[in-house]
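# Architecture and fold: a report
Now for the letters of each chain:
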Amino acid sequence: MQAFHVKQVSAYLDGPYGIFAGRDASRGLATFCLDKGFLRDEYDDLSDLTAVQMESVREWEMQFMEKYDYVGRLLKPGDEPSEYTDEEDIKDHLKHD
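Given the structure is predicted, the values throughout are model-derived calculations rather than measurements. (Residues numbered from 1 in each chain as written. Predicted model: local features only at pLDDT ≥ 70, side-chain atom pairs only at ≥ 80, totals over all residues. Heavy atoms only, no water.)

## A word on the packing of aromatic side chains
For clarity, the threshold we go by: For this analysis, a ring pair means two rings from Phe, Tyr or Trp (six-membered ring only for Trp) whose centres lie within 6.5 Å, classed as stacked if their planes differ by under 30 degrees, edge-to-face if by over 60, and tilted for the remaining angles. Note on conventions: DSSP H or I runs of at least 4 residues are helices, E runs of at least 2 residues are strands, and numbering of each starts at the N terminus. Think of it in three bands: with a 1.4 Å probe and only protein chains considered, a residue is buried below 20% of the maximum accessible area for its type, exposed above 50%, and partly exposed in between. Only when the NZ atom of a Lys or the CZ atom of an Arg is both within 6 Å of the ring centre and within 35 degrees of the ring normal do we say a charge sits over the ring.
Summed over all chains, the structure comprises 2 aromatic pairs. With 6.1 Å between their ring centres and 70 degrees between their planes, Trp60 and Phe64 make a pair best called edge-to-face. Highlighted residues: Trp60 and Phe64, both in helix H3 (residues 51–67), separated by 4 residues, approximately one helical turn. By relative accessible area, which is 12% here, Phe64 ends up buried. An aromatic cluster is present here, built from Trp60, Phe64 and Tyr68 joined pairwise through their rings. Stacked on the ring of Phe38, the Lys or Arg Arg27 has its end atom at 5.9 Å from the ring centre.

Written out as structure tokens, the structure is:
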């Protein structure tokens, strides 16, 4: 899962999508659910989503990539954080798409 910087868009944070701030928004965006109880605080592998919902996740991701700055990715349990140069980060970003 990718992380984007959307702070410059106050409508995102102040509006209904503000519920996603600081957490993985994939499930909520895929299912069009803005209920905080529906979102997970830990890594969400999304394995229970349908093919249509996963396509929705990819479409949202494409929209975010066009509008916002990519800042990293969410780590799966057991993954270790890494320090990257900008060039290495871009390669890693493309590898996980």
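## A closer look at the pattern of salt bridges
What counts here: When a carboxyl oxygen of Asp or Glu lies within 4 Å of a side-chain nitrogen of Lys or Arg, that pair is called a salt bridge.
Evaluation of the coordinates by the stated rule reveals 3 salt bridges. Here Asp44 ties to Arg27 by a salt bridge, and the two come within 2.7 Å at their closest N and O atoms. Here the residue Asp44 occupies a position in the loop between helix H2 (26–31) and H3, and Arg27 occupies one in helix H2, the gap between them amounting to 17 residues. The exposure class assigned to Arg27 is buried, which follows from its relative accessible area of 4%. Between Asp48 and Arg27 there is a salt bridge, with its nearest N and O atoms 2.7 Å apart. With a gap of 21 residues between them, Asp48 in the loop between H2 and H3 and Arg27 in helix H2 connect regions that are remote in the sequence. Shared partners join several salt bridges into a network, and the residues in it are Arg27, Asp44 and Asp48.

## Observations regarding the environment of Phe20
The residue Phe20 is located in the loop between helix H1 (10–14) and H2 in this model. Expressed as a C-alpha distance, the spacing of Phe20 and Leu34, which sit 14 residues apart in the sequence, is 8.3 Å.

## Points about H3
Formally: The span expected for a helix works out to 1.5 Å for each residue beyond the first. The arc in question is formed by the directions pointing from the helix axis toward the C-beta atoms.
Its 17 residues place the ends of H3 25 Å apart at the C-alpha level, agreeing with the 24 Å of an ideal helix rising 1.5 Å per residue. Of the positions making up H3, those classed as buried are Ser56, Val57, Trp60 and Phe64. Mapping the buried residues of H3 onto a view down its axis gives an arc of 105 degrees, with all of them on the same face. Of the exposed residues in H3, those oriented more than 90 degrees away from the buried face are Ala51, Val52 and Glu66.

## What to know about the side chain of Ser56
Note the cut-off: Contacts are assigned to residue pairs that have any heavy atoms within 4.5 Å of one another.
Within the fold, Ser56 resides in helix H3. By relative accessible area, Ser56 is classed as buried at 10%. When sequence neighbours within four positions are dropped, the list of residues in contact with Ser56 reads Leu29, Ala30 and Phe32.

## Concerning the confidence of the model for the protein
We apply this condition: Known as pLDDT, the predictor's confidence for each residue is given on a scale from 0 to 100.
Per-residue confidence for the protein averages 78 on the pLDDT scale, and 74% of its residues sit at or above 70. At the low end of the mean pLDDT range in the protein sits H1, at 57; at the high end sits H3, at 91.

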